[in-house]
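# Chain and residue survey
Okay, here's what each chain looks like letter by letter:
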2 protein chains.
Amino acid sequence: MKIVIGIDVGGTSIKGAAVMENGVILDRFVFPTKKEEKPEVLFDTICEKIVEQMNAKHYEVEGIGIGIPGLINSKEGIVTSSVNLPTWKNFNIVEYVSRKTKLPVLITNDANAAALGEAHFGSGKKYNNIVMVTLGTGVGGGVIIDKKIYDGNEGKGAELGHMVVQVGGRECGCGRRGCLEAYASATGLIASTIEAMEKNPDSKLHEIAKENGKVDAKVAFLAEAKGDKVAKEVVEQYITYLGEGLLNFCNIFRPEAIIISGGVANEGENLFSKLRKYLKDNNYGYKEAPKVEILPSELGYDSGIIGAACLPLFKE
Amino acid sequence: MKIVIGIDVGGTSIKGAAVMENGVILDRFVFPTKKEEKPEVLFDTICEKIVEQMNAKHYEVEGIGIGIPGLINSKEGIVTSSVNLPTWKNFNIVEYVSRKTKLPVLITNDANAAALGEAHFGSGKKYNNIVMVTLGTGVGGGVIIDKKIYDGNEGKGAELGHMVVQVGGRECGCGRRGCLEAYASATGLIASTIEAMEKNPDSKLHEIAKENGKVDAKVAFLAEAKGDKVAKEVVEQYITYLGEGLLNFCNIFRPEAIIISGGVANEGENLFSKLRKYLKDNNYGYKEAPKVEILPSELGYDSGIIGAACLPLFKE
């Protein structure tokens, strides 16, 4: 059975594992992402670990796949830049890691990796065409067409979070205004919650934020469940923006399924049932379009590792 | 040299031609689109014409490609429905036309056909990945990835005009609100012009509309050129919406070029220079992204016929 290494680079830690061709994870490793450190130094440790693991376990690794948060050129194997990893500038990660490990290396961005993982071993495995949306600090997007990552010219496409859904709207970290990310990310939901709290000192949001210890993405949903009117508006607005974004992806990509992960997706059925209802109620113009399933991620936090491993597992 | 037939179905006429594999058009035909007529009756005439042409000219036709305005299933060869062709309901056009002509038939929607034509023989021929946007009655979109049409599940994807860019905004014919089409189509521009005229009885827009005989997509641009402030605002708003839509397509597809055609594109450099400036000025977050060329269509009204012909010419 084929064995490969999947590596999921994150802002706080770099997680990796040996992954079998059936998607089962064997040996895991995790290293802190030292932000001040050059990526070469971080990968010296990781490559040592990989070589050590291979020698100890006596299995033959066929390749390495790496998912990276940031702007990359997957064809040339270069990390152009990353907001969360300021020292990673024009780093030729493919050349570096393959030289250290003597293994072929493939890269993609982290959202694409997660989408590929779900497409092969998660809730997308029944489908050939999926869109994956991650509702975390930002809104990440991955597009899978015929079981392959679609990432456009130079591998820089499918920045789905930076689709403007409100021209002139809320400022986004990317510099534009009204991006889906500004409304539908956990950060966006928190911003809306805080805005609503400031305007409504009597709302239950205050009490629940206090109980919760902080204003996070859960607070609006918790207060809504307790019947708070202001929280209901915050949640409705959130569902509207996210729902319109997903309808856009339906019209643009016509996927078989949209898979949603990330912090806000932890709301579970409470979020998913609302979203499905919104899409059903507001999809006026596209009733004749093929059905699109709205599904939670199945692999959860492992989607990044497993998805990265899919790069060498399913390369052409 | 390979010869195929390309057919461009429109709301008022059905145009077709024999097209050589170098993109040169040989013999044209055109029939009125009788809206009350069943598509079978229309295609009886067209198929007769094709067979007659083949017999008269003694060339061997290798296949037929058809571009259709509406919701189609390109894989099954069916026209599901079309707003402009109310009698076309679940019409198995591929089966019908290939039975009548004894030729293989392929279909796509009209916007995809135009995009494919530009990608092979028009302003997109240097590029592998393009997005084509048609600014007419509606906003049509075609996405070409690696020189092939991307049309998603069942061939119904890439409805780029129905991407919401203003949640809760202007009503769109599709039933949603705030679609790009509602602002960036010729119809959208006319609506904005009329709105501005109603609010500003002193604007030069009135005088120019009178000279022009009607309020069409040209009026705002003409009045702006004469220094009218209100017209300038209309044009600026138009460029903002269209520009934000194109930036969305850049982030989503990361194409090498965006090709723009349709009535509004007849403004030429006046439109294109404004658009390029908007994209340059507002593309804050994506300065490191690959350059995207913004180009006019080269094939013009023939892009539909030539693009339809590309279906059999470049089929896999």
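An account of the accompanying structure is given in this report. As the structure is a prediction and not an experimental result, all values here were calculated from the model.

### Thoughts on the overall build of chain A
Of the regular secondary structure elements, chain A holds ten helices and twelve strands. Expected size for 316 residues packed as a compact globule is a radius of gyration near 20 Å; at 20 Å, chain A falls within 12% of this value. Along the first, second and third principal axes, the C-alpha set of chain A runs to 60 × 45 × 35 Å. The 316 residues of chain A split such that 61% are buried. When the accessible surface of chain A is split by element, carbon and sulfur atoms take 51% of a total near 13,000 Å².

### A word on the nonpolar core
Ranked by internal contacts, the top residues of the largest apolar core, which has 114 residues, are Tyr238(A), Ile258(A), Tyr238(B), Phe249(B), Phe253(B) and Ile258(B). Met54(A), Trp88(A), Val97(A) and Val105(A) belong to the second largest nonpolar core, which has 32 residues in total.

### Observations concerning the environment of Val133(A)
All names here are of chain A. Of note, Val133 is situated in strand E8 (residues 130–135). Spatially, the C-alpha atoms of Val133 and Ala111 are 7.9 Å apart, while their sequence positions differ by 22 residues. When near neighbours in sequence (up to four residues on either side) are disregarded, Val133 contacts Val139, Gly140, Leu246, Phe249, Ile258, Ile259, Ile260 and Ser261.

### So, empty space enclosed by the protein
Residue and element names in this part refer to chain B. Under the counting rule described, the total for this entry stands at one cavity of 30 Å³ or more. Taken as a whole, the largest cavity encloses approximately 40 Å³ of empty space. As for the largest cavity, its lining consists of Arg170, Tyr183, Leu189, Ser192, Val234, Gln237, Tyr238 and Tyr241. When contributions to the lining of the largest cavity are tallied by element, the ones reaching two or more residues are helix H5 (186–199) and helix H8 (229–253).

### Quick notes on the sheet that holds strand E1 (residues 3–9) of chain A
Residue and element names in this part refer to chain A. Strand order in this open sheet of five strands is E3-E2-E1-E4-E7, and the pairing throughout is mixed. Bordering the open sheet on either side are strand E3 (25–32) and strand E7 (105–109), each of which pairs with just one other strand. Strand-to-strand twist of the sheet, defined as the mean angle between neighbouring strand axes without regard to direction, takes the value 15°. In this structure, E1 lies alongside strand E2 (residues 13–20), joined through seven bridges in antiparallel fashion.

### Re the sheet that holds strand E9 (residues 139–145) of chain A
All names here are of chain A. Strand order in this open sheet of five strands is E10-E9-E8-E11-E12, and the pairing throughout is mixed. Edge positions in the open sheet fall to strand E10 (148–149) and strand E12 (293–296), since each of these has one partner strand only. Where E9 and E10 come together, two bridges link them in antiparallel fashion. Paired with Ile145 across the two strands is Lys148, which belongs to E10.

### Overview of the pattern of salt bridges
Residue and element names in this part refer to chain A. As enumerated under the stated definition, the model contains 28 salt bridges over all chains in all. Its salt-bridge partner being Arg28, residue Asp302 comes within 2.9 Å of it at the nearest N-O pair. Here the residue Asp302 occupies a position in the loop between E12 and helix H10 (303–313), and Arg28 occupies one in strand E3, the gap between them amounting to 274 residues. We classify Arg28 as partly exposed; its relative accessible area is 49%.

### Focus on the relation of the copies chain A and chain B
Between chain A and chain B, the superposition needs a rotation of 180° and an axial shift of 0.0 Å, giving an RMSD of 0.1 Å. The two molecules are tied by a two-fold rotation axis, judged by turn and shift. Both copies share a contact surface, since 98% of the interface residues of chain A are interface residues in chain B too.

### Things to note about helix H8 (residues 229–253) of chain A
Residue and element names in this part refer to chain A. When the terminal C-alpha atoms of H8 are compared, their 36 Å separation across 25 residues agrees well with the 36 Å that a helix rising 1.5 Å per residue should span. Between the side-chain oxygen of the N-cap and the backbone nitrogen of Val230 there are 3.5 Å, and the N-cap of H8 in question is Asp228. Arg254 occupies a position one or two residues after H8 and carries a positive phi of about 45°.

### Some remarks on the interface of chain A and chain B
Each side of the interface is counted separately: chain A has 42 residues, and chain B has 41 residues. Both faces combined, the contact of chain A with chain B buries some 3,700 Å², and carbon together with sulfur accounts for 55% of it. Looking at the side of chain A facing chain B, the largest losses of area belong to Val167(A), Arg176(A) and Ile252(A), adding up to 18% of the total buried there. Scanning the region where chain A abuts chain B turns up two salt bridges. For Arg176(A), the salt bridge identified is with Glu244(B), shortest N-O distance 2.8 Å. Taken together, the links from chain A to chain B amount to 16 residue pairs in polar contact (both at pLDDT 80 or more). Mapped onto the side of chain A that touches chain B, the elements with two or more residues apiece are strand E6 (78–81) and H8 of chain A. Ranked by the residues each element gives to the side of chain A that touches chain B, the list is headed by H8(A), at eight residues.

### Observations concerning the side chain of Ser203(A)
All names here are of chain A. Among the structural elements, Ser203 can be located in the loop between helix H5 (186–199) and helix H6 (205–212). Residue class for Ser203 comes out buried when judged on its relative accessible area of 7%. In contact with Ser203, not counting residues within four places along its chain, are Asp228 and Val230.

### Regarding the environment of Lys15(B)
All names here are of chain B. On the secondary structure map, Lys15 appears in strand E2 (residues 13–20). Put simply, Lys15 and Ile66 are 51 residues apart on the chain and 10.0 Å apart in space, counted from C-alpha to C-alpha. Aside from chain neighbours lying at most four places away, what touches Lys15 is Gly6, Ile7, Asp8, Phe29, Val30, Tyr301 and Ile305.

### Regarding unusual backbone geometry
One can expect most non-glycine residues to show negative phi and most peptide bonds to be in trans. With a phi close to 45°, Arg254(A) is a non-glycine residue in the positive phi region. Structurally, Arg254(A) is set in the loop between H8 and strand E11 (257–261). The backbone phi angle of Lys102(B) is positive, close to 60°, even though this residue is not glycine. Summarising the element assignment, Lys102(B) is placed in the loop between helix H2 (93–101) and strand E7 (105–109).

Rules used in this analysis
- Every chain is numbered independently, its residues counted from 1 as its sequence is written.
- All chains are assigned letters beginning with A, and all ligands numbers beginning with 1, in the order in which they are written.
- Note on the predicted model: pLDDT of at least 70 is required for a residue's local features to be given, and 80 or more for side-chain atom pairs to be given and counted; whole-chain, interface and lining totals, by contrast, use all residues.
- With hydrogens and water excluded, all non-hydrogen atoms of the structure serve as input to the side-chain values.
- The secondary structure listing takes helices from DSSP runs of H or I that are at least 4 residues long and strands from runs of E that are at least 2 residues long, numbered from the N terminus.
- Restricting the calculation to C-alpha atoms gives the radius of gyration, and the globule rule supplies 2.2 Å times the number of residues raised to the power 0.38.
- Three labels apply to residues, based on accessible area from a 1.4 Å probe with only protein chains included: buried if under 20% of the type maximum, exposed if over 50%, partly exposed otherwise in between.
- Shrake-Rupley sampling with a 1.4 Å probe provides the accessible areas, and residues are treated as covered by the protein chains on show and by no other component.
- In these notes, a set of buried Ala, Val, Leu, Ile, Met, Phe, Trp, Tyr and Cys residues joined through side-chain atoms within 4.5 Å is what counts as a nonpolar core.
- By the convention used here, residues are in contact when the closest approach between their heavy atoms is within 4.5 Å.
- Definitions used for this entry: grid spacing 1 Å over protein atoms alone; cavity, a set of points where a 1.4 Å probe fits but cannot get out; pocket, an open set with protein on both sides within 12 Å along at least 5 of 7 lines; lining residue, one with an atom within 4 Å of a point.
- Grid points are joined across faces, edges and corners, and a volume is the space filled by probe spheres set on the points.
- The pairing criterion for strands is at least two bridges between them, as found by DSSP.
- Simply put, an axis is a line fit to the C-alpha atoms, just over the touching stretch for a helix, and the angle between two N-to-C directions goes from 0 to 180 degrees.
- Any Lys or Arg side-chain nitrogen located within 4 Å of an Asp or Glu carboxyl oxygen qualifies as a salt bridge.
- Here the copies were fitted onto each other by least squares, based on C-alpha atoms from residues at pLDDT of at least 70 in both.
- An expected span of 1.5 Å times one less than the residue number is assigned to each helix.
- Here a polar contact is taken to be a pair of N or O atoms separated by no more than 3.5 Å, where protein atoms must pair a possible hydrogen donor with a possible acceptor and residues adjacent in sequence count only if both atoms sit in side chains.
- Summed over both partners, the accessible area lost on bringing two parts together, with a 1.4 Å probe, is the buried area.

Everything listed here is a matter of geometry and, on its own, says nothing about what the molecule does.
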